[in-house]
Amino acid sequence: MMTLYVINLDRDVRRLEQVSLQLDGLGLRFERIAAVDGREVSESDFQHFQQSRPRQNKRWLRGQMGCFLSHYRAWEKIAAGTQPFGVVFEDDIYLSGDVGRYVTHNDWIPEGTDIIRLEPSTNRMLLARQPVLQLGGRVFYPVKSTAWCAGAYILSRRAARQLIELPVSVHQPADAMLFSFQESVIARKLRILQCSPAPCIQDKFRREGYLGLGSNIEVRQRGGTSYIRTLRSGSYHELAQIFWRTVRGYRRIGFLAKDADYHSNRREAQNSALSPKVNSVAE
């Protein structure tokens, strides 16, 4: 069995109700990770955090700090656990009805895997030409380039231990730490798989919002620029980069919901008061 962790701010009761509604409907239990709110961190602590984690030509945002520290708590839990894998969700995640197939047991995971991305990235990705696994109508490819977003992923205990053992001086925002081949000192060393089509997606990235939630921990500054917008306003360099990436095989990963009737039948119940079936993780 794999333990599922949901990152959630203390004040975001509705978000916890929404994600609990989905997971409970799929028969999945989880532990709550109390998220860090970067806006409530003192200025002196924020400055100390930044100084101990310098970023080349970039500054930490308070939201990035809170998001990173929240994911770090999940990594610590997985590293200290007894199971070889754990699952991390942010609380604005939207789940396909078949996600339980991938987050309940780990006997299907290829040997040597460190991370499995269960959501799309906001950028185009370069994946290996051949998948390592096909399961339940979804295909798993080795990742060969930077990806963004950390709203849903499976993390091995081995990789979690590697992450928390890194010196603080090399820390980066959570998704950069895990998936940026340019900014992270560890991403290229990890064996990362991408599930395609993805069984999860953050609600803020859905074209037709279902949960009506945005990010309360971090407001993202990157990714998601459409080709049409770039073609209209982009420079020669940007257009050349699009062409080069297309030729090389970079592509977007889609989200596919299965068992959609489950979600449509539960919409009316979402606004009701729920008592989430969770185990709260103390700060």
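Please refer to the structure higher up on the page.
Described below are features of the structure shown in this document. Being a predicted model, the structure only gives us computed values, none of them experimental. (Residues numbered from 1 in each chain as written. Predicted model: local features only at pLDDT ≥ 70, side-chain atom pairs only at ≥ 80, totals over all residues. Heavy atoms only, no water.)

This part covers the packing of aromatic side chains. This model, assessed by the stated rule, comprises 11 aromatic pairs. Their ring planes at 65 degrees and their centres at 5.8 Å tell us that W60 and F68 sit as a pair that is edge-to-face. For W60, a relative accessible area of 3% translates into the label buried. Here the aromatic cluster, defined as three or more aromatic residues joined through ring pairs, consists of F49, W60, F68, Y72 and W75. In this arrangement the basic side chain of R55 is found over the ring face of W60, its NZ or CZ atom lying 5.7 Å from the centre. Directly above the ring of Y94 sits R206, whose terminal nitrogen or CZ lies 4.0 Å from the centroid. (Phe/Tyr/Trp six-rings, centres within 6.5 Å; stacked < 30°, edge-to-face > 60°. Buried < 20%, exposed > 50% of the residue type's maximum accessible area, 1.4 Å probe, protein only. Lys NZ or Arg CZ within 6 Å of the ring centre and 35° of its normal.)

What follows covers the packing of helix 2 (residues 43-52) against helix 3 (residues 62-80). Close contact between helix 2 and helix 3 brings their axes to 11 Å; oriented N to C, the two are set at 75 degrees. Overall, the two elements helix 2 and helix 3 adopt an arrangement that is roughly perpendicular. Contact residues: E43, F46 and F49 in helix 2; R62, M65, F68 and L69 in helix 3. Split into classes, the residues belonging to the contact of helix 2 with helix 3 amount to 5 nonpolar, no polar and 2 charged. (Axes fitted to C-alpha atoms, helices over the stretch in contact; angles between N-to-C directions. Helix = DSSP H or I, 4+ residues; strand = E, 2+ residues; numbered from the N terminus. Parallel < 35°, antiparallel > 145°, perpendicular 65-115°, else oblique. Contact = heavy atoms within 4.5 Å. Nonpolar A, V, L, I, M, F, W, Y, C, P; charged D, E, K, R; others polar.)

Our focus in this paragraph is the environment of G249. Following the sequence through the fold, G249 ends up in the loop between helix 8 (236-248) and helix 9 (260-266). Separated by 122 residues in the primary sequence, G249 and L127 place their C-alpha atoms 7.9 Å from one another. The contacts of G249, once residues within four sequence positions are left out, are M125 and L126.

Turning our attention to the pattern of salt bridges. The final tally for this structure, using the stated rule, is 11 salt bridges. For D37, the salt bridge identified is with R39, shortest N-O distance 3.1 Å. In this structure D37 comes out as buried when scored by relative accessible area, which is 11%. A relative accessible area of 52% means that R39 is categorised as exposed. Of the charged contacts in the structure, one is a salt bridge between E183 and K58, with a shortest N-O distance of 2.9 Å. Placement of E183 in the loop between helix 6 (174-179) and strand 9 (192-196) and of K58 in the loop between helix 2 and helix 3 is noted, with a sequence separation of 125 residues between them. It is possible to trace a salt-bridge network through shared partners that takes in R11, D37 and R39. (Salt bridge = Lys/Arg side-chain N within 4 Å of Asp/Glu carboxyl O.)

That's the geometry; what it means functionally is another story.
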